[in-house]
Every structure is written in structure tokens, then in C-alpha cells.
Amino acid sequence: MPCKHIVVIEDDTNLRETLKDLLEMEGFSVVTASNGREGLRQIEQNGQPCPILLDLMMPVMNGWEVLEALRREKAAPLAQTPVAVVSAAADIADVECDYGCSVLKKPVSLERLFALAHAHCDMC
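Residues numbered from 1 in each chain as written. Predicted model: local features only at pLDDT ≥ 70, side-chain atom pairs only at ≥ 80, totals over all residues. Heavy atoms only, no water.

Undergrad: Please explain the sheet that holds strand β1 (residues 5-9) as it appears in this structure.
TA: Within a sheet, adjacent strands bond to each other through the backbone by hydrogen bonds, running parallel or antiparallel. Read across the open sheet, the five strands follow the order β2-β1-β3-β4-β5; overall the sheet is parallel. What marks the edges here is a single partner per strand, and that holds for β2 (29-33) and β5 (102-105). Strand-to-strand twist of the sheet, defined as the mean angle between neighbouring strand axes without regard to direction, takes the value 20°. As defined by bridge partners, strand β4 (residues 83-87) adjoins β5 across four bridges and the pair is classed as parallel. For S87, the partnering residue across the bridge sits in β5 and is K105. On top of the sheet, helix α3 (residues 63-72) reaches β3 (52-54) and β4; it is set at about 145° to β3, its chief contact. Packing against the sheet, helix α5 (residues 110-121) makes contact with β1, β3, β4 and β5, and its axis sits at approximately 155° to β5. (Pairing = 2+ DSSP bridges. Helix = DSSP H or I, 4+ residues; strand = E, 2+ residues; numbered from the N terminus. Axes fitted to C-alpha atoms, helices over the stretch in contact; angles between N-to-C directions. Contact = heavy atoms within 4.5 Å.)

Next comes the structure, spelled out in C-alpha cells:
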């Protein structure tokens, strides 16, 4: 997978596909998943992304469970992968403190989305 590889884990089909299309137009390779379990599987199959864009409220495996799974990886490179939480949830500020994530509040600002993607993907 190329260095400009991003994983979008979002259960809202319209938002997931819109983020994918916009990021691809910006030159990134994007893999999507509709829940956390599928997202972790995509990461396992496609390699470490340069960030993960993660919704919190999803069926099957939510974003909090994905963050815990990533945290358990500790020594693995995946534990060092930047995560940007994409959520309208009121408690997203806690994510920054507890998990070291960036936060993109819904509705997502294109300027912030592209800045975050370039900041993490242009480093490699």
C-alpha cells in the first residue's frame, strides 16, 4: 500500500463515501469500513495507514473499542498510527486527552480534513 494510505471507519454510507471521494481527489489511497471490526480487518489486510479516520458511534464494534484495540497493540507499529476521531459526539474532547487523537467534528471542515491528511501522510 502506498504511503498516502488512509483508512476511513464510518457507518454512515454517505459520509464514508464522500470522505473517500474527496481524499482520493486530493491524491490519497483510501480504504473504507462501515464498523470497527471491518476497519481493523482492512488495516490487517492493507497495511498500516498514515492516519485512521474513525467514527465513535457505530454498530458491531464502535470507535471506543477500536481505540482500545489499538492501545493494546502497544509495541506494534499500529499503536503509533495517528487516529483522527470524526464525530458529532459531545464527549470527543475526552478522546484527545485519553487517546492522543486528533478530532474532526462533524460536519467535517474540508480544510481541516486535508490539512490533517497531508500532515500525517506527507511525513513518510
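Undergrad: Looking at this structure, how should I read the packing of aromatic side chains?
TA: For any pair of aromatic rings, the description rests on two quantities: the centre-to-centre distance and the angle between the ring planes. Throughout the structure, instances matching the rule amount to zero aromatic pairs. Sitting over the ring of F28, K4 keeps its end group 5.1 Å from the ring centre. (Phe/Tyr/Trp six-rings, centres within 6.5 Å; stacked < 30°, edge-to-face > 60°. Lys NZ or Arg CZ within 6 Å of the ring centre and 35° of its normal.)

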